[in-house]
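# Structural characterization, general
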Amino acid sequence: MSTLSRIFRTFSTSVSNPPAKSIYEDLYKERNLKRVVEKFKKCSESHLFRKQANVYGNIVRRLASARKYKWVEEILEDQKQYHEISKEGFAVRLISLYGKSGMLDHASKVFDEMPERKCPQTVKSFNALLGACVNAKKFDKLDGFFRELPEKLSLKPDIVSYNTAIKAFCEMGSFDSAATIFDEIEKNGLEPDLITFNTLLIGFYGNGRFLEGERFWGKMMNTSLSPDIRTYNAKLVGLVSEKKLAEAVELFDKLESKNVKPDEFSYNAIINGFCNNSDLKEAKNWYAKLGQSDSTPNKATFAALIRLACKVGDFDWAIELFEQTIEEKCLVDPNVMQLVIHGLVKEKKIEDAKKLVGIGNSNKFRKYNLIVPADE
């Protein structure tokens, strides 16, 4: 091939296949979702575009958030015409995207169609189907798939399979089943990993099953695994729920020596403990510590503190927290925000209540629809 021909071919390719970034920006800037669907399908004609998994994820998430499930189906079903559909990785992408959109039947259909497209069904696509069950919150379906498909397809579940099943059972509240799955891991020649233990600890400690959480904590401490911040946060939540606040503070103070950096969830666990005890002084103290750290308060932080401030009658601080919530654009439940308004009215601070209603109802990120109740 001559130099001129190579240059012309390169130029032609670059024109017909614009950079993924520019394609994504065009799709993102398009406000008309029907046009987004049309543009996406057109872009999909490029094999280079079909490699952009992140773009697929962002566009499907946008359509699903708008509840445009027919359009999610339209763009994903359109992908089945391309040769990549015979590759497991591409099928896994469609299964996962359908799952994240809450469309498990469609995800299952992609999985079931794989053999007729001569697409291999390995543990990778099996795990994608299990993940789709979790994302779509169809936990009962997962149990059937997990028990039946491995034998049917002659595949062996891996640790990802078991972790996904454990997560499903924990989210269902079927903690005995989650524990049973854990016992099966070693029986089948596998070893639990950090995700296994974190999922169990978050499930047990976070749902009032402290002793069972402690059992899995002990099991983890007997492995070579190093706990991360999610592990310690689960333990902090468990200790606080058991009213072992002093132990929770002690564990928090040890994190630095364990080379683990606390995050906002760590601080929230301690703050919740003091809020539960109606200890305004310590709640304020830990809120100040959070402000001095690299982490930032989130909606759970503000909700707990606003409730406490209203409960103990510190409405000056409640006003401050209300305004910070709006400033930080934290989507705190409107009922919590309304507590401040009601409290101010009872305190005969009507002008302050009206001011906060104006702030809450006029911000651009969320319309709270707060009201100033009649002064009783």
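Residues numbered from 1 in each chain as written. Predicted model: local features only at pLDDT ≥ 70, side-chain atom pairs only at ≥ 80, totals over all residues. Heavy atoms only, no water.

## Notes on the overall build of the protein chain
This is how the line gets drawn: Helix and strand definitions follow DSSP, with helices as H or I runs of at least four residues and strands as E runs of at least two, each counted in order from the N terminus. Throughout, exposure labels follow a simple rule: accessible area from a 1.4 Å probe, protein chains only, divided by the maximum for the residue type, with under 20% read as buried, over 50% as exposed, and the rest as partly exposed. Residue contacts follow a heavy-atom distance rule, with two residues in contact if any of their heavy atoms lie within 4.5 Å. All accessible-area figures derive from a Shrake-Rupley calculation using a 1.4 Å probe, and residue coverage is judged against the displayed protein chains alone. Counted as positive: Lys and Arg. Counted as negative: Asp and Glu. His and the chain ends are not counted at all. Lysine's charge is taken at NZ, arginine's at CZ, aspartate's at CG and glutamate's at CD.
Per the secondary structure count, the protein chain includes 21 helices and zero strands. In terms of its C-alpha atoms, the protein chain occupies a principal-axis envelope of roughly 80 × 55 × 45 Å. For the protein chain, the residues scored as buried account for 47% of the 376 residues in total. Partitioning the intrachain contacts of the protein chain with sequence separation of at least 6 by distance along the chain shows that 61% fall at a separation of at least 24. Looking at the protein chain as shown, the accessible area adds up to about 20,200 Å², and 50% of this sits on carbon and sulfur atoms. Taking the average place of the 58 positive charges on the side chains of the protein chain and the average place of its 52 negative ones, the gap between the two points comes to 6 Å.

## Brief notes about the packing of helix H3 (residues 33–43) against helix H5 (residues 69–78)
Helix packing for two helices is described by the angle between their axes and how far apart those axes are. For clarity, the cut-off: Between N-to-C directions, angles span 0 to 180 degrees; the directions come from axes that are lines fitted to C-alpha atoms, helices contributing only their stretch in contact. Every angle not falling under 35 degrees, over 145, or within 65 to 115 is termed oblique; those three ranges are roughly parallel, roughly antiparallel and roughly perpendicular.
Packing of H3 against H5 leaves a shortest axis separation of 10 Å and a crossing angle of 5°. Looking at the two axes, H3 sits roughly parallel to H5. Along the contact surface, H3 presents Leu33, Lys34, Val37, Phe40 and Lys41, while H5 presents Trp71, Glu74, Ile75 and Asp78.

## A few points about unusual backbone geometry
Even without being glycine, lysine 137 reaches a positive phi, approximately 60°. Checked against the element boundaries, lysine 137 lands in the loop between helix H8 (123–135) and helix H9 (139–153). Its identity is not glycine, yet asparagine 369 carries a phi of approximately 55°, on the positive side. On the secondary structure map, asparagine 369 appears in the segment after helix H21 (350–362). By relative accessible area, which is 63% here, asparagine 369 ends up exposed.

## Quick look at the UniProt feature "repeat: PPR" (unreviewed entry) in the protein chain
Quick note on the threshold: UniProt positions are given in the numbering used here, feature names are shortened, and annotations may be inferred rather than shown by experiment.
The sites that carry the UniProt feature "repeat: PPR" (unreviewed entry) are, in the present numbering, residues 158–192, 193–227, 228–262, 263–297 and 298–332. In this annotation, residues 263–297 is assigned 74% helix and 0% strand; the end-to-end C-alpha distance for the span is 10 Å.

## Regarding the pattern of salt bridges
Put simply, the test is: Any carboxyl oxygen of Asp or Glu that lies within 4 Å of a side-chain nitrogen of Lys or Arg is treated as forming a salt bridge with it.
As enumerated under the stated definition, the model contains 25 salt bridges in all. When the shortest N-O distance is used, the salt bridge between aspartate 26 and lysine 39 registers 3.4 Å. Remark: lysine 39 occurs in helix H3 and aspartate 26 occurs in helix H2 (residues 20–29); sequence separation between them is 13 residues. Salt-bridge contacts for glutamate 84 lead to arginine 50; the nearest nitrogen and oxygen are separated by 2.9 Å. In this pair, glutamate 84 is assigned in the loop between H5 and helix H6 (88–100) and arginine 50 in the loop between H3 and helix H4 (53–65), connecting sequence segments 34 residues apart. Assessed through its relative accessible area of 6%, arginine 50 is described here as buried.

## Thoughts on the packing of aromatic side chains
Applicable threshold: Within 6.5 Å between ring centres, the rings of Phe, Tyr and Trp (the latter by its six-membered ring) count as paired, and their orientation is classed by plane angle as stacked under 30 degrees, edge-to-face over 60, tilted in between. We count a charge as sitting over a ring when the NZ of a lysine or the CZ of an arginine lies within 6 Å of the ring centre and within 35 degrees of the ring normal.
Overall, the coordinates contain 16 aromatic pairs when judged by the stated rule. Taken together, a centroid distance of 5.3 Å and an interplanar angle of 80° make the contact between phenylalanine 40 and phenylalanine 49 edge-to-face. In this structure phenylalanine 40 comes out as buried when scored by relative accessible area, which is 0%. Relative to tyrosine 162, the ring of phenylalanine 146 has its centre 5.4 Å away and its plane inclined at 80°; by these criteria the two rings are edge-to-face. Remark: tyrosine 162 occurs in helix H10 (residues 159–172) and phenylalanine 146 occurs in helix H9; sequence separation between them is 16 residues. Each member of the pair, phenylalanine 146 as well as tyrosine 162, is classed as buried. Among the aromatic residues, ring-to-ring pairing joins Phe175, Phe182, Phe197, Phe204 and Phe216 into one connected group. Over the aromatic face of tyrosine 82 sits the side chain of arginine 50, whose NZ or CZ is 4.1 Å from the ring centroid. Here the basic side chain of lysine 284 rests over the ring of tryptophan 317, its NZ or CZ set 5.1 Å away from the ring centre.

## Brief notes about the environment of lysine 349
Within the secondary structure layout, lysine 349 lies in the loop between helix H20 (334–346) and H21. When the C-alpha positions of lysine 349 and cysteine 310 are compared, they lie 14 Å apart, and in sequence the two are 39 residues distant. When neighbours within four sequence positions are excluded, lysine 349 is seen to be in contact with Asp316 and Leu344.

## Looking at the packing of H3 against H4
The condition is simple: A crossing counts as left-handed when the near helix is turned anticlockwise from the far one by less than a right angle, and as right-handed when that turn is clockwise. In this count, Pro and Cys sit with the nonpolar residues alongside Ala, Val, Leu, Ile, Met, Phe, Trp and Tyr, while Asp, Glu, Lys and Arg are called charged and the others, Gly among them, polar.
At their nearest, the axes of H3 and H4 sit 11 Å apart, and the two run at 155° to each other. By the angle between their axes, H3 is roughly antiparallel relative to H4. Note that H3 runs across H4; the crossing there is left-handed. Across the interface between the two elements, Leu33, Val36, Val37 and Phe40 from H3 touch Val55, Tyr56, Ile59, Arg62 and Leu63 from H4. Along the lines of polarity and charge, the residues of the contact of H3 with H4 split into eight nonpolar, no polar and one charged.

## Let's talk about the confidence of the model for the protein chain
This is how the line gets drawn: Looking at any residue, its pLDDT shows the predictor's confidence there, from 0 to 100.
Summarising the model, the protein chain shows a mean pLDDT of 92, and 93% of its residues fall at 70 or more. Contacts of residues 1–17 to residues separated by more than four positions or lying in other chains number four contacts, the stretch itself having pLDDT below 50.

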